[in-house]
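Architecture at a glance
In case you want the letters, here they are:
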Amino acid sequence: MGFSNLSWNKAFEDLVQRFCPDGGCAAHRGEMIPRPDATAWACLALKEKENHAVIQRAQDFLITRQDEDGRVYLFEDTPTVWWPSSLAILAWNGSDAHEQARQKTCWFLLRNSGRHSPKRPDAPTAHDTSLRGWSWVEGTHSWVEPTSLATLALNLCGFSQHVRVSEALRMLMDRQLPEGGWNYGNTAVYGTVLDPLPQSTAVALVALAGKENRQDLARSIKYLSEQVPDLHTPLSLAWAILALHAWQHRPRQADRWLLDCLEGQKRLGSYDTESLSLLCLAASGSLEWLYGDQGS
Amino acid sequence: MKRPDHEKKARGKLDRRKFLKAGITGAAVGLGAGLGWQLWPRKQEAQTFIAKAADYRTDFGKLISAGLKELGVGPEQVRHKRVLLKPNLVEPHARAACINTHPQVVRGAAEAFLRMGAKQVLVAEGSGHRRDSLLILEKSGLAEVLAEDHIPFVNLNDHAGWRLGNRGGWSALAFFHLPAILRDVDLIVSMAKMKTHHWAGVTLSMKNLFGVLPGMIYGWPKNVLHQAGIQESILDINASLQPHLAIMDGVVGMEGDGPIMGTPKSAKVLVMGTSLPAVDSVSARIMGVDPDKIPYLNTAARVLDPRVTNGVRQLGENIEDVQTTFKLLERIPAQRNIRLA
């Protein structure tokens, strides 16, 4: 873990500079339009630096994007885009001042799901469409990443035994590909098994850590372990390191890879806030933001 | 559902079974009269330019420049303009050569527009399945090409800011949330890959525009569009956004279980045009697919650019000289009974 490195300090400074006057954080350097997803990710990263003033204002900003029913939406004019809800719960975690907002969003998630239908034997897709998880957008099907993030958020808030969380875990297991790994959430279409994606695999493995048997996930962990040396972009690499860390498989070279990736901005341009925050979180070596005290 | 924040009454679903029963008759609404691809000098007939390209070592800058000239697109229309190239970037893995628009074709298009005096060329995409756009850029080889040529890339999945009314009305979507860059550029060029598709039959320059809709609002996959109807959404996006030009990479396309899991098909062809319905109609014929049997292509030809129903004038090569039959799979309903007679 190399937070003493100048590059990481600059990364944190970069994140702080992305905050707007209203407390929200922009998704990209130089922008002044705050977004709840970017705000939540930056807030989680800055918790590692204990930057309390910025964090509290960020947490307050997220309440301004919370609807009466508890959802946290992306923009004012996109109320059905509800996927930032899980991220807001993670960002509010541990703040007494935001406990009410956090509970409200948890109950919103528990009351709502993606769109589902009974599994049909003649369906073009192979997965069990009846299992409820969460969708990116209201009125659409449940997919791997939003379900994984909602599961993490609800676990953190003490709902790990809730029937919806159990069902979501079953949904994730059902979407695991036969040879291991996950993609966005389709296992096979018209009889053709689809390919896994590193980032989707990593997010699902993080959600399933401590919940499912290692044996049932061995092929997925193996897939990700084999992929990670070849991942050089922040979103995939950071999630992969987090997932392998959660399953006690953090590669020895992880810190080096993360630092190299951070410095890749010289070549690829500045990373978006989510990617930069995730790199910082993966480098921190702490999983407390995901699992509470259990993750320390 | 709490608030359907972007829905309205649709014209009615383009149900494939109903569509095939009804045949291809149906009144053209004439929406095409106001479409963006008619930014160019109005011609009586739709035109496409077909060029042979043996492989990706072809000089695409030269080929695309020649095609633009044939189509009547000259420096006077391009000079000082901002041009957005929208390739099809889906997957970075081993099959990438037949999945994604090839980096050399993108490079060639950028060269051609810059040579004609474009103020700026940028490349933009919002991939449908993968959230990690940088990974696709890196592994597909496009990142290297763009860096060498100093061409900026915009991840359309991560930008919004432009609410555009739905001018089509086939789906129930009242408007589209789009990245503002699409409003700010002067020319939008759909740079698609010639492929079969398991939901739509074929995916060409019109379907390629699914990628302009940001995943952060439409999801990964862009399931909002699936719920609204894939064929309907293709028509609506094109009717609303009004792209200006299509350049189809058919050098190596994909047959069978496209758009990702199929097999490479070497068609050795590049198809270009200022009318996307015309380019797609011609490309389908090159693939041995009857465009009239693909609901969205049929409707596009009748409604978005009615000139296409009268036939498309071929510039460059003839369809017959480059036609190569793409394999279709009987187990995929969207690929049944679409073969050109």
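Residues numbered from 1 in each chain as written. Chains lettered and ligands numbered in written order. Predicted model: local features only at pLDDT ≥ 70, side-chain atom pairs only at ≥ 80, totals over all residues.

Looking only at helices and strands, chain A features 14 helices and four strands. Burial status across chain A gives 53% buried among its 296 residues. Nonlocal contacts in chain A, meaning residues at least 24 apart in sequence, comprise 61% of its contacts between residues at least 6 apart. (Helix = DSSP H or I, 4+ residues; strand = E, 2+ residues; numbered from the N terminus. Buried ≥ 20, exposed ≤ 12 C-beta atoms within 10 Å, placed from the backbone. Contact = placed C-beta atoms within 7 Å.)

This part takes up the nonpolar core. Ranked by internal contacts, the top residues of the largest apolar core, which has 200 residues, are Leu205, Val206, Ala243 and Leu279 of chain A together with Ala109 of chain B. A per-element tally of this core places helix α10 (residues 234–246) of chain A first, with ten residues. Here this core spans two domains, and each of domain 1 (1–112) and domain 2 (118–216) of chain A adds at least three residues to it. The contacts of Leu279 of chain A, once residues within four sequence positions are left out, are Ala11, Pro234, Ala238, Leu258, Cys261 and Leu262 of chain A. (Core = buried A, V, L, I, M, F, W, Y, C linked by C-beta atoms within 7 Å. Domains from an automatic or database assignment.)

Moving on, we get to unusual backbone geometry. With an omega dihedral of 0°, the bond running from Trp220 of chain B to Pro221 of chain B counts as a cis peptide bond. Here Pro221 of chain B shows up in the loop between α9 (215–218) and α10 (223–228). If you check the backbone angles, Glu50 of chain A has positive phi at about 55° while not being a glycine. Tracing the backbone through its elements, the reader meets Glu50 of chain A in the loop between α2 (36–47) and α3 (52–64).

So, about the domain arrangement of chain A. Residues and elements named next belong to chain A. Each assigned domain of chain A is listed here: domain 1 (1–112) and domain 2 (118–216). Here the C-alpha centroids of domain 1 and domain 2 sit 24 Å apart. Of all the elements in the fold, those that place two or more residues in the side of domain 1 that touches domain 2 are α4 (84–92) and α5 (99–111).

A few words on the interface of chain B and chain A. Across the boundary between the two partners, chain B contributes 30 residues, which contact 33 residues of chain A. Taken together, the elements giving at least two residues each to the side of chain B that touches chain A come down to α6 (133–140), α9 and α10 of chain B. In the side of chain B that touches chain A, the residues fall into twelve nonpolar, seven polar and eleven charged. (Nonpolar A, V, L, I, M, F, W, Y, C, P; charged D, E, K, R; others polar.)

The next point concerns the packing of α2 of chain A against α3 of chain A. All names here are of chain A. One can describe the packing of α2 onto α3 by two numbers: an axis separation of 9 Å at closest approach and a directional angle of 155°. As far as their axial angle goes, α3 and α2 are roughly antiparallel. Both α2 and α3 take part in a crossing whose hand is left-handed. Touching Pro36, Thr39, Ala40, Ala42, Cys43, Leu46 and Lys47 of α2 are Val54, Ile55, Ala58, Gln59, Phe61 and Leu62, all from α3. (Axes fitted to C-alpha atoms, helices over the stretch in contact; angles between N-to-C directions. Parallel < 35°, antiparallel > 145°, perpendicular 65-115°, else oblique. Left-handed = near helix turned anticlockwise from the far one by under 90°.)

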